[in-house]
Each structure stands twice: as structure tokens, then as C-alpha cells.
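Examination of the molecular architecture
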Amino acid sequence: QVQLVESGGGLVQAGGSLRLSCAASGRTFSSYVMGWFRQAPGKEREFVAAISWSGGSTDYADSVKGRFTISRDNAKNTVYLQMNSLKPEDTAVYYCAADHGGTRPGEGEWDYDYWGQGTQVTVSS
């Protein structure tokens with residue numbers, strides 16, 4: 001069992017930056033593929049970024065490529081999402097997710113076994 005707690009969300013102006021963190025419980029964090037998803041009001045949850053257990057492989061949604069960076073620190077059981085050049089359309093609740101036994105970063109919700117409670121990101125124009 002893994003518990004995930006996101007933090008770092010907030011209100012920022014367009015063009016600004018935020019860094020989200022996701023702290024995971026458990027001693028096997030380094031074996032999990034980790035992902036970030038987001039859900040805007042009235043829309044389905046969508047993939048944002050994912051990272052392999054070693055950090056050597058990453059994947060991004062086209063809408064965030066070049067602006068967002070996912071990283072992890074296995075010693076701290078934490079995964080990060082650095083978000084730069086934020087746009088109003090990035091406004092959403094951002095969720096951290098863990099894939100137990102995954103071998104590569106996955107883009108589907110069905111790839112992930114554990115989810116955090118989410119953190120709100122609001123980008124004003």
C-alpha cells in the first residue's frame with residue numbers, strides 16, 4: 001500500500017511557475033513508475049507526465065512538453081512537477097499517481113494503482 005500526498009498548488013499569474021511535490025509513504029517508492037494527471041472543471045482527467053522508477057525515462061503530454069518537467073528523488077520518496085510558462089488552460093486539480101510494477105512511464109489512468117487527493121492549480125490571465 002502506498003499513500004501519496006501532493007503539495008505546492010496555488011494561484012499564479014499566466015507566465016509564472018509552480019513546483020508540485022508528491023510525497024509517498026512506503027519503502028518501495030523507487031520501484032514505482034510515477035505519474036501526474038490533471039482534471040479541469042467539466043473535463044475528464046488527463047495525463048500530464050510520467051517518470052520511470054530510475055528517472056531515466058520520462059513522458060509528457062503534448063500540451064505541456066517544453067514547459068513542464070517531471071523528476072524524482074528516490075531518497076526522499078518524492079516526485080516533482082516543475083511547471084513553467086503557465087497558461088490559464090493549465091488550471092486544474094493535479095493528481096499524483098503510482099504504478100506498482102510498471103516498467104515504463106504510462107499515459108493511461110488504468111496503468112496506475114494508487115492516487116493522491118489532488119492539489120489545485122489556478123492560473124489567472
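Our subject is the structure that appears above.
About the thresholds
- Residues numbered from 1 in each chain as written.
- Predicted model: local features only at pLDDT ≥ 70, side-chain atom pairs only at ≥ 80, totals over all residues.
- Heavy atoms only, no water.
- Buried < 20%, exposed > 50% of the residue type's maximum accessible area, 1.4 Å probe, protein only.
- Helix = DSSP H or I, 4+ residues; strand = E, 2+ residues; numbered from the N terminus.
- Pairing = 2+ DSSP bridges.
- Phe/Tyr/Trp six-rings, centres within 6.5 Å; stacked < 30°, edge-to-face > 60°.
- Axes fitted to C-alpha atoms, helices over the stretch in contact; angles between N-to-C directions.
- Contact = heavy atoms within 4.5 Å.

**What to know about the pairing of strand β9 (residues 92-100)**
Counting buried residues along β9, 7 of its 9 residues qualify, which places the element largely inside the surrounding structure. Where strand β4 (residues 32-39) meets β9, 8 bridges bridge the pair, whose relative direction is antiparallel. Bridge pairing in β9 places F37 opposite Y95. Note: β9 against strand β11 (residues 119-124), 3 bridges, orientation antiparallel. Counterpart to Y94 in the pairing with β11 is T119.

**Describing the pairing of strand β5 (residues 46-51)**
Two faces belong to every sheet, and in a regular strand the side chains alternate between them. Buried residues dominate β5, accounting for 5 of its 6 residues. Judged from the 5 bridges that link them, β4 and β5 form a sheet pairing that is antiparallel. Within β5, the residue paired with W36 across the bridge is A49. Taking the residues that link successive antiparallel strands as the turn, the β4-β5 hairpin has 6 residues, and the phi of G42 there is positive, at about 80°. Relative to strand β6 (residues 58-60), β5 is paired through 3 bridges, and the arrangement is antiparallel. Its bridge partner being in β6, A50 is matched across the sheet by D59.

**Examining the packing of aromatic side chains**
Summed over the entire model, instances satisfying the criterion amount to 5 aromatic pairs. Aromatic side chains F37 and F47 sit 5.7 Å apart centroid to centroid with 75° between the ring planes, which places their arrangement in the edge-to-face category. One end of the pair, F37, is in strand β4; the other, F47, is in strand β5, and 10 residues separate them in sequence. As far as the burial class goes, F37 and F47 line up, both buried.

**A short note on the sheet that holds strand β7 (residues 68-73)**
On the basis of which strands lie adjacent, the open sheet formed by 4 strands has the order β1-β3-β8-β7 and antiparallel pairing. Edge positions in the sheet fall to β1 (4-7) and β7, since each has one partner strand and no second. When strand polarity is set aside, the average angle formed by the axes of neighbouring strands in this sheet is 15°.

**Points about the environment of V121**
If you trace the backbone, V121 turns up in strand β11. According to the relative accessible area criterion, V121 is buried, its value standing at 0%. For V121 and T91, which are 30 residues apart along the polypeptide, the C-alpha to C-alpha distance reads 5.4 Å. Sequence-distant contacts of V121, that is, excluding residues within four places in its chain, are made with G9, G10, L18, L20, M83, D90, T91, A92 and Y94.

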